[in-house]
Amino acid sequence: MMVHNVCMVSDFFFPNTGGVESHIYQLSQCLLQRGHKVVIITHAYGRRTGVRYLTNNLKVYYLPLMVAYNQCILPTLFPTLPIIRYILLREGITIVHGHSAFSALAHEAMFHACTMGINTVFTDHSLFGFADASSIITNKILKFSLADVQHVICVSHTSKENTVLRAALAPHKVYVIPNAVDSAVFTPDPSQRRSDRTTVVVMSRLVYRKGIDLLAGIIPELCASHPDVHFLIGGDGPKRILLEEVREQYQLHDRVQLLGSVSHEDVRDVLVQGDIFLNTSLTEAFCIAIVEAESCGLQVVSTRIGGVPEVLPDQLIYLAEPSVKSLLNALKNAAEDKRRGRIISPRERHERISAMYTWQDVARRTETVYDATAELPSSTLADRIHRYSHSGSGWVLFVLLLVIVNYLFWKLLEILVPRKKIELVPTQITKSSQREAT
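Residues numbered from 1 in each chain as written. Predicted model: local features only at pLDDT ≥ 70, side-chain atom pairs only at ≥ 80, totals over all residues. Heavy atoms only, no water.

1. Section: the packing of aromatic side chains
Next, step 1: Here the structure, examined in full by the defined rule, presents 6 aromatic pairs.
Next, step 2: Measuring from centroid to centroid gives 5.2 Å for Phe13 and Phe14, while their planes differ by 45°, and the two rings are tilted.
Next, step 3: Ring pairing ties together the aromatic residues Phe13, Phe14 and Tyr25, which thus form one cluster. (Phe/Tyr/Trp six-rings, centres within 6.5 Å; stacked < 30°, edge-to-face > 60°.)

2. As for the pairing of strand β9 (residues 151-154)
Next, step 1: What you see with β9 is no split at all: His151 and Ile153 on one side and Val152 and Cys154 on the other are buried throughout.
Next, step 2: Sheet topology note: the strand β8 (residues 119-124)/β9 ladder contains 4 bridges and is parallel. Bridge pairing in β9 places Val121 opposite His151.
Next, step 3: What joins β8 to β9 is helix α4 (residues 133-146), and the crossover it makes is right-handed.
Next, step 4: Relative to strand β10 (residues 174-176), β9 is paired through 3 bridges, and the arrangement is parallel. Residue pairing in the sheet places Cys154 in a bridge with Val176 of β10. (Buried < 20%, exposed > 50% of the residue type's maximum accessible area, 1.4 Å probe, protein only. Helix = DSSP H or I, 4+ residues; strand = E, 2+ residues; numbered from the N terminus. Pairing = 2+ DSSP bridges. Right-handed = clockwise from strand over helix to strand, strands pointing away.)

3. A few points about the pairing of strand β3 (residues 50-54)
Next, step 1: Inspection of the sheet shows β3 paired to strand β4 (residues 58-63) by 5 bridges, in the antiparallel sense. By the bridge assignment for β4, Arg52 is matched with Val60.

4. A look at the packing of helix α6 (residues 212-225) against helix α7 (residues 240-249)
Next, step 1: Following both chains from N to C, one finds α6 and α7 inclined at 10°, their axes separated by 10 Å at the closest point. As far as their axial angle goes, α7 and α6 are roughly parallel. Residues Ile212, Asp213, Leu215, Ala216, Ile219 and Pro220 of α6 form the contact with α7, whose participating residues are Leu242, Leu243 and Val246.
Next, step 2: Looking at side-chain class alone, the contact of α6 with α7 contains 8 nonpolar, no polar and 1 charged residues. (Axes fitted to C-alpha atoms, helices over the stretch in contact; angles between N-to-C directions. Parallel < 35°, antiparallel > 145°, perpendicular 65-115°, else oblique. Contact = heavy atoms within 4.5 Å. Nonpolar A, V, L, I, M, F, W, Y, C, P; charged D, E, K, R; others polar.)

5. Section: the sheet that holds strand β16 (residues 317-320)
Next, step 1: What the 6 strands build is an open sheet, ordered β13-β12-β11-β14-β15-β16; its pairing is parallel. Each having just a single partner strand, β13 (256-260) and β16 make up the two edges of the open sheet. Between one strand axis and the next, the sheet turns through 20° on average, direction left out of account.

6. Describing the environment of Glu423
Next, step 1: Mapped onto the elements of the fold, Glu423 is located in the loop between α15 (396-416) and α16 (433-437).
Next, step 2: Distance from Glu423 to Glu91, taken between C-alpha atoms, is 9.1 Å for residues 332 residues apart in sequence.

7. A closer look at helix α1 (residues 19-33)
Residues separated by three or four positions in an α-helix point in the same direction, a consequence of the helix having 3.6 residues per turn.
Next, step 1: Spanning 15 residues, α1 covers 21 Å between terminal C-alpha atoms, matching the ideal 21 Å at 1.5 Å per step.
Next, step 2: Of all the 15 residues making up α1, 13 are buried; the element is thus mostly covered by neighbouring parts of the structure.
Next, step 3: Backbone geometry just after α1 places Gly35 at a positive phi near 100°. (Expected span 1.5 Å × (residues − 1).)

8. Observations regarding the sheet that holds β3
Next, step 1: Taken together, the 8 strands give an open sheet; going across it, the order is β3-β4-β2-β1-β7-β8-β9-β10, and neighbouring strands pair in mixed fashion. Strands at the two margins of the open sheet, each flanked by one partner only, are β3 and β10. In this sheet, neighbouring strand axes are inclined to one another by 25° on average, regardless of whether the strands run parallel or antiparallel.
Next, step 2: Contacts from helix α2 (residues 81-91) reach β1 (5-9), β2 (37-43), β4 and β7 (95-99), with the element oriented near 165° to β4.

9. Looking at a nonpolar patch on the surface
Next, step 1: Taken together, the side chains of Leu412, Ile415, Leu416 and Val417 define a hydrophobic patch exposed on the protein surface, amounting to about 390 Å² of accessible area.
Next, step 2: Structurally, Val417 is set in the loop between α15 and α16. (Patch = residues over 30% accessible without salt bridge, like charges linked within 9 Å, V, L, I, M, F, W, Y side chains within 5 Å. Areas by Shrake-Rupley, 256 points an atom, 1.4 Å probe, with all protein chains shown as cover. Salt bridge = Lys/Arg side-chain N within 4 Å of Asp/Glu carboxyl O.)

10. A word on the environment of Asn279
Next, step 1: For Asn279, the location among the structural elements is in strand β14 (residues 276-279).
Next, step 2: Separated by 131 residues in sequence, Asn279 and Asp148 have C-alpha atoms that sit 36 Å apart.
Next, step 3: Apart from residues no more than four positions distant in its own chain, Asn279 is found in contact with Glu284, Cys287, Ile290, Val301, Ser302, Thr303 and Val308.
Next, step 4: At a separation of 2.9 Å, a polar atom in the side chain of Asn279 contacts the side chain of Ser281. (Polar contact = N/O pair within 3.5 Å; in protein donor to acceptor, adjacent residues only side chain to side chain.)

11. A closer look at empty space enclosed by the protein
Next, step 1: If you walk through the whole model with that rule in mind, you get 1 cavity of 30 Å³ or more.
Next, step 2: Approximately 50 Å³ is the volume found for the largest cavity.
Next, step 3: Lining the largest cavity, in full, are Ser22, Gln26, Ala180, Val181, Asp182, Phe186, His264, Ile288, Glu292 and Trp359.
Next, step 4: Residue assignment for the lining of the largest cavity shows that the elements contributing at least two residues are α1 and α9 (288-295). (1 Å grid on protein atoms, 1.4 Å probe; cavity = no way out; pocket = protein on both sides within 12 Å on 5 of 7 lines; lining within 4 Å. Points joined across faces, edges and corners; volume = space filled by probe spheres on them.)

12. Overview of the pattern of salt bridges
Next, step 1: Going through the model one piece at a time under the given rule, you end up with 22 salt bridges.
Next, step 2: Between Arg387 and Asp148 there is a salt bridge whose closest N-O contact spans 2.9 Å. Here the residue Arg387 occupies a position in helix α14 (residues 381-389), and Asp148 occupies one in the loop between α4 and β9, the gap between them amounting to 239 residues.
Next, step 3: In this structure Arg387 comes out as partly exposed when scored by relative accessible area, which is 28%.
Next, step 4: Within this structure, Asp228, Glu336, Arg339 and Arg340 form a network of salt bridges that share partners.

13. Examining the confidence of the model for the protein
Next, step 1: On average, residues of the protein carry a pLDDT of 91, and 96% of them reach 70 or more.
Next, step 2: Every residue in residues 431-438 is under pLDDT 50, and counting partners more than four places away or in other chains gives 17 contacts. (pLDDT = per-residue confidence, 0-100.)

14. Looking at unusual backbone geometry
Most of the time, phi is negative for any residue but glycine, and the peptide bond is trans.
Next, step 1: A cis amide bond links Phe14 to the next residue, Pro15, at an omega of 15°.
Next, step 2: Residue placement: Pro15 occurs in the loop between β1 and α1.
Next, step 3: Here the phi dihedral of Asn56 falls at roughly 60°; this positive angle occurs in a residue that is not glycine.
Next, step 4: Along the polypeptide, Asn56 turns up in the loop between β3 and β4.
Next, step 5: On the basis of relative accessible area, Asn56 is assigned to the partly exposed category, the value being 48%.
Next, step 6: Although it is not a glycine, Cys287 sits at a positive phi angle of roughly 75°.

Pasting the structure below:
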C-alpha cells in the first residue's frame, strides 16, 4: 500500500468558515487516520500566523501573505516560491493538492510544485459560466494552471463537465468524488422544534449567487399566505441589507430572524430548530449545506441548478426552478406535507444520509487518485513547455516566460539554499487498522 505525504493548499481554511474549509479539514483528518502524512498551507488570518496544530496533530502553515480580496492573497507568483519550496522540502511532500479555482495561493503552490517535479492534484469546488468577464478571466487562469496538474477532482458530474470544458481537460484526468457530512455531528433533535409553527431555515452567505434576491421575494409572499411560517436565517454578506429592508417594509420582525454569521460548530444547533431547509442558490457544484440539513432531519427545498439534483434522491428533496413562483409552490407543498404528516421522520432521513455520505469514503476514493498520481512520472521542463505550447491561446509566450523564469529562480534557490541544509521534519505515521483492512 502506498503512503503519501500530502500538502493541502488553499486560501480558504479555518478560522474562515465554508464548504471548502470544512472539506479540507475533514479530508485531512481522514487521510491522517488512514496512515498518510498531511500538512496544510494557507495565508495568515489576523493574528493567526506561523505554524499551528489542530486535532490529531494536523499541522497548518499560516503564511504571512497579503490578502487582496475575499480572503484571497494578492497573486505574486515568484515571491512565494522560496517559502513554499522550503515547506515542501522540509515536510518531504510527494503530492500537492490545491483546492478552489478562486484560490491564488493554491494555483501558485501547484505551479511551484510542478517546477520542483512534485506531482499535483486539484479539487474544483465551483461552477463557472463562460460569458461574463469574471468567468472568462478565471477560466483562462484555470486552463493554464491545470495544464500541469496530473489529476483533477470534481464534486459532482455536472461540475466535471463544467471543468472539462472550461479548462480544456481530457475527461479521463478528472475524477468525481462528492462531498460528505459528519453524521455524528449533524444529528436530528425534534424536541428543538416548535409544534405551533413551521420554521424555514436558511444557512448561506448572503450574496447574489446564493439567490438572496429570490429569498427576499419569497419571504413576504409565504408569510402572507401561511401565518404559521417563520424564517430563521443564518449567514452574513452584502445582501443582508436587502433582507432587513424586506423585514422592515412588511413588519415581519417577529417572523423573520436574522442570526448573522454562524460559526460551523453552531450550525447544527440552528438547523435542528427548523422543519424545512431552503436553498435558493443560483449556482452550486454540490451544496454541502443541504446534506447537513438533511442529516439533521429537515425537509429540503432547493433550486434545480448545477450539481444539486445529483445530491439527494427525489424522496428527500423538493426541487424548483430558480424563480420566486416555483420556489413558493415547492415551499407550500413542503409545509402542507408537514401539517398532514406526510413526511419522512428525521431519524430515517439521518440514517439514509449516514449511509450515503461519509468522509471515510471520500478519503478512500481520494487515496485512489493519489495512488494513480504517484505512478505518473514527474514533469520535466521540456514536458511543461510542450504542454503550454499546445494550450491554444495568445498568452502562450507570456506563460512560457513565467515557466522558464520560475524554473531559473528555483535553480538559483537550489544553489543559495541547498536541500542538504534544510532540516527535515521527522515523520511519525502509524497506519490505522482501517487503512490495513481495505
